[in-house]
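A closer look at the structure
For reference, the chains in residue letters:
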Amino acid sequence: MLRDLTNAIGHWALFLGLLGAAWSVVAALLGARIHGRGLQRSAERAVLATSGLIAVATGCLVAGFLADDFRLDYVYHYSSTSQPLPYKIGALWGGQAGSLLLWVLILSVMACVMVGTNQRKNRALMPWATAVVGATITFFLVLLNFIEPPFLTSVARPDGVGLNPQLKNYWMMIHPPCLYLGYVGFTIPFAFGISALVTRRTGDIWFRTTRRWTVFAWFFLGTGVLLGAYWAYIELGWGGYWAWDPVENASLMPWLTGTAFLHSVMIQERKGMLKVWNALLVILTFSLSIFGTFLTRSGIISSVHSFATSDIGPAFGVFLALVFFGSLVLLVSRLDNLRSEHRLESVLSRESSFLFNNLILVGMAATVLLLTTFPMFSELATGRKVTMGPPIFNLVNIPWALLLLALVGIGPLIAWRKASRENLLRSFVAPGLVAVWVLLLLLILDARAYLASAGALLGALARLDVYTAFQQFKTFYPAITFALGAFVLATVAIEFWRGVRVRVANYSESVMLALGRLVWRNKRRYGGYIVHVGVVLVFFGVAASGAYQIEAVRELAPGEPLIVDDYLLRYDGYRLVAEDDYFGAEATLSVHDGASGERLGTVLTEQRYHPNLMFPELRETFQHVKALGEAGSPQYAEGVAGLYRLVTLLERQAGREVKTPSTEVGIHSSLSPLAASRFAEDVYVMPLAIDPATGRANFRVFVNPMVNFLWLGGLVFVLGAHLAVLPDARERRRLDAAMALEERSVAVA
Amino acid sequence: MPSPSRSRGRPAALVLAALLLVVPAAAADDAAEYDLAARTILCDCGCHPQSVHDCACARAAEMRDEIRARIEQGQSGEQVIASYVAEHGEAIRITPVARGFNLVAWLGPLAGLLAAAGALVLVVRRWVRTPHGARPAAGGPAPPLAPDDGAYRERLRREVEELR
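Computed from a predicted model, the values in this text were never measured in an experiment. Numbering of residues starts from 1 in every chain and runs along the sequence as written. Here the convention is simple: chains get letters from A, ligands get numbers from 1, in the order in which they are written. Totals for whole chains, interfaces and linings use every residue, but because this is a predicted model, local features are given only for residues with pLDDT of at least 70 and side-chain atom pairs only at 80 or more, for both listing and counting. Heavy atoms throughout the structure, all of them, feed into the side-chain values; hydrogens and water do not.

On to the overall build of chain B. Helix numbers and strand numbers start at the N terminus; a helix is a DSSP run of H or I with at least 4 residues, a strand a run of E with at least 2. Helix and strand counts for chain B come out as six helices and zero strands. Going from the N terminus to the C terminus, chain B shows its helices and strands as α-α-α-α-α-α. Three exposure classes are used, based on accessible area relative to the maximum for each residue type with a 1.4 Å probe and protein chains only: buried under 20%, partly exposed in between, and exposed over 50%. Across the 164 residues in chain B, those meeting the buried criterion constitute 29%. For this analysis, residues touch if any pair of their heavy atoms sits within 4.5 Å. Taking the contacts inside chain B whose residues are at least 6 apart along the sequence as the reference set, 36% of them involve residues at least 24 apart.

Below, the structure is given as structure tokens:
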């Protein structure tokens with residue numbers, strides 16, 4: 001009875017929310033048209049009320065998960081009685097309807113913050129911004145009310161199907177909300193951008209006001225991408241972290257265009273240039289955020305992330321078309337208001353380097369888009385289906401990535417307006433020498449292999465053998481990456497050193513104090529440099545772990561050793577387990593130094609099977625074995641072995657749906673700087689099969705050099721991004737000055 | 001394909017290399033042929049688009065066994081790939097071959113990069129040669145001031161800000 005009431009409240013809250021959101025759009029547009037402050041206030045209140053209703057609906061669905069209300073179709077599909085509590089809550093975004101609900105919940109909270117923080121400012125921009133955000137909320141609520149309702153109920157069921165086992169990982173619980181914060185966060189800069197175009201207030205207010213929103217969205221999207229990569233690394237067991245799946249690509253594309261936007265607004269702030277480009281970038285970034293969902297839900301591109309091809313695909317297509325083409329038409333109609341106030345003064349200038357940086361970032365996004373959608377074009381043009389796997393993405397993106405890395409170093413040091421010869425020499429000679437030294441060192445260390453590759457590359461070019469040419473060029477990628485990375489690190493170090501030197505000379509501060517104050521008083525600038533360092537570390541991690549990965553596959557009996565690279569692994573033993581919602585075998589391997597035999601650590605790795613509890617016999621046996629007590633007792637081990645036998649028996653009758661396999665990867669990371677040759681290296685162990693009777697196991701082992709630079713770079717990125725958005729007196733002064741001018745011009749108008 | 005390796009001078013690696021030398025050359029050839037096929041053929045499990053070599057799923061293990069069996073029967077890696085393509089179509093390759101329409105995917109981005117960079121250089125040079133607005137010549141009279149002009153004030157504010 002209580003559950004019925006909760007579901008009804010959730011259902012009606014979504015419907016009333018839809019009415020509220022629709023009113024917010026109508027009232028904001030009317031308010032904008034007749035300059036009615038009362039109507040705008042009504043629109044803002046409607047946004048607040050809608051947000052409250054969406055929160056109530058979300059609470060009702062979470063309550064359904066917590067109460068194991070399997071009459072709710074959504075709860076039935078993504079939860080089960082044995083699902084641990086955190087995953088019951090996380091199952092909210094395990095499927096389509098819940099993901100949409102989380103998306104609109106985040107958007108509505110952001111809309112409230114937007115309304116709250118703009119009560120006394122941006123009154124000219126707010127009506128249209130409110131209308132755009134309100135329209136986006138309305139779109140999602142239409143989906144949730146009419147196409148993908150989360151409160152559909154059916155007959156009572158004793159248990160649910162449960163969340164996909166691979167999603168039962170804490171990082172996976174954080175990864176989707178992080179991405180949604182990113183996708184949704186770009187709605188606010190987009191709304192203000194559209195408002196600026198409509199109202200012809202195309203100065204710098206709209207992006208200065210939304211700078212924190214942009215950095216916030218960009219930060220969470222970037223973090224979400226990295227968390228997804230980390231999850232793939234520790235969960236999927238193929239030794240890598242990025243598979244270029246369409247949904248992964250869909251998260252990368254808006255991040256790339258968002259990064260371009262963050263850089264190019266600096267030119268508009270300082271020079272009043274690139275106004276059209278900045279408006280276009282914010283439109284592109286928001287459209288790409290929507291595009292990913294359309295791409296995978298419409299079924300035009302298959303993806304491991306698509307919960308299923310569903311009816312929301314066409315709806316997203318229509319919404320995307322309206323957003324993108326509508327915004328472009330608006331942009332074209334406002335070209336007169338978007339004229340630059342300045343022109344470039346030299347090709348060798350920071351402005352130009354930012355233009356090239358934008359070219360590379362948008363070019364990378366376009367490349368990813370082309371490759372992701374290429375199967376569709378291929379089928380249209382030739383009638384043949386093709387697969388776009390990781391190799392082509394990796395090979396084709398390398399030139400873009402290397403150029404981008406070079407520009408990360410050049411951009412911050414080259415002078416504004418026009419770089420003089422002295423500026424170029426002063427800024428780039430030392431970092432350039434460092435880069436050349438690193439490059440030569442790496443090439444000489446492996447000269448024979450590089451010479452062979454160079455010969456093969458020239459031969460492939462002469463034969464017009466495109467694939468081999470790309471493959472051979474890839475050989476040079478790590479060396480060039482390390483050289484360019486060293487170049488960037490040197491430029492950043494020079495920037496810090498120059499700033500510190502000036503402070504030490506002018507204020508007689510100690511070096512550490514000068515460094516602290518330098519960063520604290522220029523948070524945006526130095527936060528940006530720290531982000532650049534993070535990017536370099538990520539490049540190092542990707543280059544080294546991709547190029548120098550070592551792999552071995554070997555079947556071992558308990559007690560047997562395995563030598564991989566300069567490690568010796570010993571398979572110490574295994575035990576059978578039945579916990580939570582799985583049973584399986586847990587293998588223990590000790591990791592030793594291959595030369596000295598010194599023990600470095602231990603890795604635990606598991607092969608799990610998640611029984612389908614819809615089979616009553618399997619459910620009862622599983623519950624019985626779990627109740628037998630601690631793992632290790634003969635009775636318990638025999639019980640788990642019995643589960644293996646039962647599953648094999650049932651599979652003969654019912655097929656593979658009896659169980660879902662998953663693995664827990666075992667990783668030994670070398671994070672001590674004392675072991676310099678192994679620093680940041682992982683020994684990564686995954687069982688392909690473990691025989692429950694004898695313990696004989698087939699292991700796949702990878703040695704991934706420097707892979708932890710990737711995660712370390714992510715942490716540095718987080719630190720830099722946080723620093724860049726901390727309150728800054730200089731930024732505040734600039735914003736206040738711009739706002740005062742804007743408010744005066746509104747008053748005059 | 002030769003590729004640079006880590007050179008750390010490791011005794012364990014030397015031992016392994018010495019062991020490898022006594023393995024019959026035919027087995028090494030088989031391993032190379034298997035590697036070529038397993039890294040080229042797509043695992044048809046429907047998970048991430050991964051090669052049979054890389055994919056960690058149970059179906060990939062089955063496909064690896066199938067490929068190994070064909071190699072042991074005397075087929076070359078290319079022959080195994082060709083037989084899979086004949087059975088399943090071009091989409092069974094993890095990456096499209098670099099010819100025909102597929103060159104759009106292989107070379108399109110690089111061509112785009114070169115074209116866009118070239119175009120950008122030309123545009124920037126043209127901008128540089130034709131200064132914007134009525135900029136006075138060096139030493140010439142300044143244009144008349146229009147203190148009420150919003151755009152002028154905005155520009156002034158920005159330039160003052162730049163000097164701070």
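Residues and elements named next belong to chain A. Note that domain bounds follow an automatic or database assignment of domains. The assigned domain composition of chain A is domain 1 (1-168), domain 2 (170-348) and domain 3 (550-704). For domain 1 versus domain 3, the separation of C-alpha centres amounts to 41 Å. On the side of domain 3, nine residues touch domain 1, which itself brings seven residues to the contact. Basic side-chain nitrogens of Lys or Arg form a salt bridge, by our definition, when they fall within 4 Å of a carboxyl oxygen of Asp or Glu. Where domain 1 touches domain 3, the interface holds zero salt bridges.

The next thing to look at is helix 2 (residues 37-66) of chain A. Helix length check: helix 2 of chain A (30 residues) gives 43 Å between terminal C-alpha atoms against 44 Å at 1.5 Å per residue, within 8%. Of the residues trailing helix 2 of chain A, D68 of chain A is marked for its positive phi of about 50 degrees. Multiply 1.5 Å by the residue count of a helix minus one, and that product is the helix's expected span.

Here we take up the sheet that holds strand 7 (residues 666-670) of chain A. Strands pair in a sheet through their backbones, by hydrogen bonds, and they do so in one of two ways: parallel or antiparallel. All names here are of chain A. The criterion for strand pairing is that DSSP finds at least two bridges linking the strands in question. Across the sheet, which stays open at both edges, the four strands sit in the order 1-9-8-7 with antiparallel pairing between neighbours. Whereas interior strands pair on both sides, the edge strands pair on one side only; in this sheet they are strand 1 (550-556) and strand 7. Ignoring which end each strand starts from, the neighbouring axes of this sheet average 15 degrees apart. Strand direction decides the pairing type here: strand 1 and strand 9 (residues 697-704), joined by seven bridges, are antiparallel. If you follow A552 over to strand 9, its bridge partner there is V701. Here an axis means a line fitted to C-alpha atoms, over the contact stretch when the element is a helix, while the angle between two N-to-C directions is reported on a 0 to 180 degree scale.

Turning next to the pairing of strand 8 (residues 681-690) of chain A. Residues and elements named next belong to chain A. Within strand 8, eight of the ten residues are buried, which leaves the element mostly enclosed by the surrounding structure. Across five bridges, strand 7 lies against strand 8 in antiparallel orientation. Each bridged residue has a counterpart across the sheet, and for S670 the counterpart in strand 8 is E681. Note that strand 8 and strand 9 share eight bridges and pair antiparallel. Opposite D682, over in strand 9, you have N704 as the bridge partner.

All names here are of chain A. Structurally, T138 is set in helix 6 (residues 126-147). Using a relative accessible area of 15% as the deciding quantity, one classes T138 as buried. Taking the C-alpha atoms as reference points, T138 and V265, separated by 127 residues in sequence, lie 30 Å from one another. When residues no more than four places from it in sequence are discounted, the contact partners of T138 are L18, A21, A22 and V25.

Residue and element names in this part refer to chain A. Throughout, nonpolar core names a set of buried Ala, Val, Leu, Ile, Met, Phe, Trp, Tyr and Cys residues whose side chains join them through atoms within 4.5 Å. Membership of the largest hydrophobic core comes to 202 residues, with the highest contact counts inside it found for I137, L141, W218 and F316. Once residues within four sequence positions are removed from consideration, L141 is found in contact with L14, G17, L18, A21, T50, I54 and V104. Membership of the second largest hydrophobic core comes to 39 residues, among which are A578, F615, F622 and V703.

Moving on: the pattern of salt bridges. For the structure shown, the criterion picks out 30 salt bridges over all chains. The closest approach of N and O atoms between E664 of chain A and R608 of chain A, which form a salt bridge, is 3.6 Å. With E664 of chain A in strand 6 (residues 659-664) and R608 of chain A in strand 5 (residues 599-611), the pair connects residues that are 56 residues apart, well separated along the chain. Residue R93 of chain B is joined to E90 of chain B by a salt bridge in which the shortest nitrogen-to-oxygen separation is 3.3 Å. Since its relative accessible area comes to 16%, R93 of chain B is described here as buried. We classify E90 of chain B as partly exposed; its relative accessible area is 21%. Residues participating in the shared-partner salt-bridge network are R3, D4, D69 and R71 of chain A.

Taken together, the 61 residues of chain B in the interface contact 85 residues of chain A. The term buried area refers to how much accessible surface (probe radius 1.4 Å) is lost by two components on association, counted for both of them together. Of the roughly 6,400 Å² buried between chain B and chain A on both sides combined, carbon and sulfur atoms contribute 64%. For the interface between chain B and chain A, the tally reads zero salt bridges. By the criterion applied in these results, polar contacts are pairs of N or O atoms within 3.5 Å in which, for protein atoms, one can donate a hydrogen and the other can accept it, and in which residues neighboring in sequence qualify only through two side-chain atoms. Along the contact surface separating chain B from chain A lie six residue pairs in polar contact (both at pLDDT 80 or more). Of all the elements in the fold, those that place two or more residues in the side of chain B that touches chain A are helix 1 (11-21), helix 3 (58-72), helix 5 (103-129) and helix 6 (150-163) of chain B. Considering every element that reaches the side of chain B that touches chain A, the biggest residue donor is helix 5 of chain B, with 16 residues. Asp, Glu, Lys and Arg are counted as charged, while Ala, Val, Leu, Ile, Met, Phe, Trp, Tyr, Cys and Pro are counted as nonpolar; the rest, among them Gly, fall into the polar class. Of the residues assigned to the side of chain B that touches chain A, the class counts are 31 nonpolar, ten polar and 20 charged.

Turning next to the side chain of S349 of chain A. With respect to the helices, strands and loops of the structure, S349 of chain A is situated in the loop between helix 13 (312-333) and helix 14 (350-382). Every residue in contact with S349 of chain A, bar those within four places of it in the chain, is listed here: I414, A415, R417, K418 and A419 of chain A.

For the rest of this paragraph, the subject is the packing of aromatic side chains. Residues and elements named next belong to chain A. Classification of ring pairs rests on two measures: the distance between centres of Phe, Tyr or Trp rings, Trp counted by its six-membered ring, which must be within 6.5 Å, and the angle between planes, read as stacked under 30 degrees, edge-to-face over 60 and tilted in between. Under the defined criterion, the tally for this structure stands at 45 aromatic pairs over all chains. Taking 5.2 Å as the distance between ring centres and 85 degrees as the angle between the ring planes, the aromatic pair formed by F139 and F316 counts as edge-to-face. Residue F139 is found in helix 6, and its partner F316 is found in helix 13; the two are separated by 177 residues along the sequence. Neither F139 nor F316 differs from the other in exposure class; each is buried. With 4.9 Å between their ring centres and 80 degrees between their planes, Y230 and W711 make a pair best called edge-to-face. Taken together, the positions of Y230 in helix 10 (residues 211-235) and W711 in helix 23 (residues 708-725) put the pair 481 residues apart, joining distant regions of the chain. Site record: aromatic cluster; members linked through ring pairs are W103, F139, F140, Y180, Y183, F316 and F319.

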